[in-house]
Amino acid sequence: DKIHELQGFMSVDLLYGREIKVSKGILFEPYVGLGYIIQSNTSDAGGNSAIGLPISAKLLFQISKKFAMGLNPNANINNVNTIYYANILLRFGFSNFK
């Protein structure tokens, strides 16, 4: 019987990015910055913390005037454990593409 440990992390990031219009209806938004990350599991009471380099990007496809869908790959490079993750984005009515 193997005991599986739950793992988690909390990150606070300060990012800087730009919006780049690739073509009509396609936006690319790269971000880079500085972050602080705390990583732990169920058997580790204190957790490990580190200063990290968060890198993120958004690739958005405009479906209609008020709706866009996209992908958001992310990485947090640090000396404890580099983390990679991705999200699916749904943007509705908060900004119109120019």
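Conventions we followed
Residues numbered from 1 in each chain as written. Predicted model: local features only at pLDDT ≥ 70, side-chain atom pairs only at ≥ 80, totals over all residues. Heavy atoms only, no water. Helix = DSSP H or I, 4+ residues; strand = E, 2+ residues; numbered from the N terminus. Buried < 20%, exposed > 50% of the residue type's maximum accessible area, 1.4 Å probe, protein only. Contact = heavy atoms within 4.5 Å. Phe/Tyr/Trp six-rings, centres within 6.5 Å; stacked < 30°, edge-to-face > 60°. Polar contact = N/O pair within 3.5 Å; in protein donor to acceptor, adjacent residues only side chain to side chain. Pairing = 2+ DSSP bridges.

Peer 1: Report on the overall build of the protein, specifying residues and quantitative values.
Peer 2: Counting its regular elements, the protein contains zero helices and six strands. Starting at the N terminus, the α and β elements of the protein follow one another as β-β-β-β-β-β. Counting across all 98 residues of the protein, residues that qualify as buried make up 24%. Taking the contacts inside the protein whose residues are at least 6 apart along the sequence as the reference set, 44% of them involve residues at least 24 apart.

Peer 1: Report on the packing of aromatic side chains, specifying residues and quantitative values.
Peer 2: In total, this model carries one aromatic pair according to the counting rule given. Ring centres of Phe 9 and Tyr 85 lie 6.1 Å apart, and the angle between their planes is 45 degrees; this geometry places the pair in the tilted category. One end of the pair, Phe 9, is in strand β1 (residues 7–17); the other, Tyr 85, is in strand β6 (residues 83–92), and 76 residues separate them in sequence.

Peer 1: An account of the side chain of Asn 78 is requested, with residue identities and associated values reported.
Peer 2: When you line up the elements, Asn 78 lands in the loop between β5 (67–77) and β6. Judged by relative accessible area, which is 11%, Asn 78 ranks as buried. In this structure the side chain of Asn 78 is engaged in a polar contact, spanning 2.9 Å, whose partner is the backbone nitrogen of Val 80. Here Asn 81 takes part through its backbone nitrogen, which lies 2.8 Å from a polar atom of the side chain of Asn 78. Each residue touching Asn 78, except ones within four places of it in the same chain, is listed here: Ile 37, Gln 39, Ala 50, Ile 51 and Gly 52.

Peer 1: Account for the pairing of strand β4 (residues 48–64), with residues named and values stated.
Peer 2: Here 12 bridges tie strand β3 (residues 26–41) to β4, and the two strands are oriented antiparallel to one another. Across the sheet, residue Phe 28 finds its bridge partner in β4, namely Leu 59. As consecutive antiparallel partners, β4 and β5 are separated by two residues.

The quantities given are spatial measurements derived from coordinates; they are silent on function.
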